[in-house]
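Residue-level listing of the chains:
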Amino acid sequence: MMKIQDEPIIPGVGIGNIKLNMTKDQLIAILGKDYKERFRECDSVIEIENAKFWVSEDGKIDQIGVEDDFKGKYKGIIGIGSTLSEVKKFIGNYVQVYDTYEMENEEGICFELEDIDDWDPLVAPIDHIYVFRI
């Protein structure tokens, strides 16, 4: 199945050549035919091997999430497998919002942590990174 390229993660903008606010048709032109789509009440989610794209009612990409073996980085430092202690050390403070962690001083990005034994938010690896429209 298709994979998203290991490009920079830019909060509120996109990941590499896939940008928030692109149309679904623009996204599919990049992805090709190798994707799955789930339709929900108010939107749909397009899935490829290491990423998901939420297409909102306006037909544009509202959120992009990366996972698994995606190697792109936020600010060249933080990626899948990094920890919140690294986020705090190299980037800045974060705040918990429901089940995710958002940057305190930058909108449009959040992290979800792997559910591991002896779970500690500072050392649990980041297993999903999302960028979203602000």
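Look a little higher up for the structure.
Throughout what follows, the structure given in this document is the object of discussion. Remember, it's a predicted structure, so these values are computed and weren't measured experimentally. (Residues numbered from 1 in each chain as written. Predicted model: local features only at pLDDT ≥ 70, side-chain atom pairs only at ≥ 80, totals over all residues. Heavy atoms only, no water.)

## Structural notes on the overall build of the protein
To be explicit about the condition: Runs of H or I in DSSP of at least four residues are treated as helices and runs of E of at least two as strands, each being numbered from the N terminus. Relative accessible area decides the class of each residue, using a 1.4 Å probe on protein chains only: under 20% of the type maximum gives buried, over 50% gives exposed, and in between gives partly exposed. Contacts between residues were defined by any pair of non-hydrogen atoms, one from each residue, lying within 4.5 Å.
When helices and strands are tallied, the protein shows two helices and eleven strands. Ordering the α and β elements of the protein from the N terminus gives β-β-β-α-β-β-β-β-α-β-β-β-β. For the protein, buried positions account for 40% of its 134 residues. Long-range contacts, defined here as pairs at least 24 residues apart, represent 48% of the contacts in the protein between residues at least 6 apart.

## Considerations on the environment of I91
The residue I91 is located in the loop between α2 (84-90) and β8 (94-97) in this model. The exposure class assigned to I91 is partly exposed, which follows from its relative accessible area of 22%. In this structure the C-alpha to C-alpha distance between I91 and L31, which are 60 residues apart in sequence, comes to 31 Å. Apart from the residues lying within four places of it in its own chain, the contact partners of I91 are Y74, K75, I77, I78, E86 and M103.

## Looking at the pattern of salt bridges
Where we set the bar: We define a salt bridge as a contact between a side-chain nitrogen of Lys or Arg and a carboxyl oxygen of Asp or Glu at a distance within 4 Å.
For the structure on display, the rule yields nine salt bridges. One salt bridge connects E37 with K24, and the closest N-O pair in it is separated by 2.8 Å. Taken as a pair, E37 in strand β4 (residues 36-39) and K24 in helix α1 (residues 24-31) lie far apart in primary sequence, 13 residues in all. On the basis of relative accessible area, K24 is assigned to the partly exposed category, the value being 23%. Overlapping salt bridges bring together K3, E49 and D69 as one network.

## Regarding the sheet that holds strand β10 (residues 109-113)
Our working definition: Here, a strand pair is defined by DSSP locating no fewer than two bridges between the strands. Whenever a helix is involved, its axis is fitted only over the stretch in contact; in every case the axis is a line through C-alpha atoms, and angles between N-to-C directions fall within 0 to 180 degrees.
If you trace the eight strands from one edge of the open sheet to the other, you get β4-β5-β6-β7-β11-β10-β9-β8, paired in antiparallel fashion. Every other strand in the sheet has two partners, leaving β4 and β8 as the edge strands with one partner each. Recorded for the sheet is a direction-independent mean angle of 25° between the axes of neighbouring strands. Two strands pair when backbone bridges link them, and strand β9 (residues 100-103) and β10 are joined in this way by two bridges, in the antiparallel orientation. Each bridged residue has a counterpart across the sheet, and for Y101 the counterpart in β10 is F111. Its contacts with the sheet place α1 against β4, β5 (44-48), β6 (51-55) and β7 (61-67), and it is angled at close to 10° to β5.

## What to know about a negative patch on the surface
As a reminder of what qualifies: The residues that make up patches have over 30% relative accessible area and no salt bridge, and they are joined within 9 Å when like-charged or within 5 Å when they are Val, Leu, Ile, Met, Phe, Trp or Tyr. Method for areas: the Shrake-Rupley scheme with a 1.4 Å probe, in which residue coverage is limited to the protein chains shown. The charged-residue count follows a simple rule in which Lys and Arg add positive charge and Asp and Glu add negative charge, with His and chain termini not counted at all. Here the site of a charge means atom NZ of a Lys, CZ of an Arg, CG of an Asp or CD of a Glu.
Together, E114, D115, D117 and D118 give the surface a local cluster of negative charge. Looking at where D115 falls in the secondary structure, it is placed in the loop between β10 and β11 (126-132).

## Looking at the nonpolar core
Our working rule: Residues grouped as a nonpolar core are buried Ala, Val, Leu, Ile, Met, Phe, Trp, Tyr and Cys residues, joined through side-chain atoms within 4.5 Å.
Core analysis: the biggest nonpolar cluster contains 31 residues, and I4, I9, I18, F53, I64 and F111 have the highest contact counts within it. Those elements that provide at least two residues to this core are α1, β5, β6, β7, α2, β9, β10 and β11. Among all residues touching I4, those that are not within four sequence positions of it are I15, I18, I48, N50, A51, F53, I64, V66 and F70. Core analysis: the next-biggest nonpolar cluster, separate from the first, contains five residues, W54, C110, Y130 and F132 among them.

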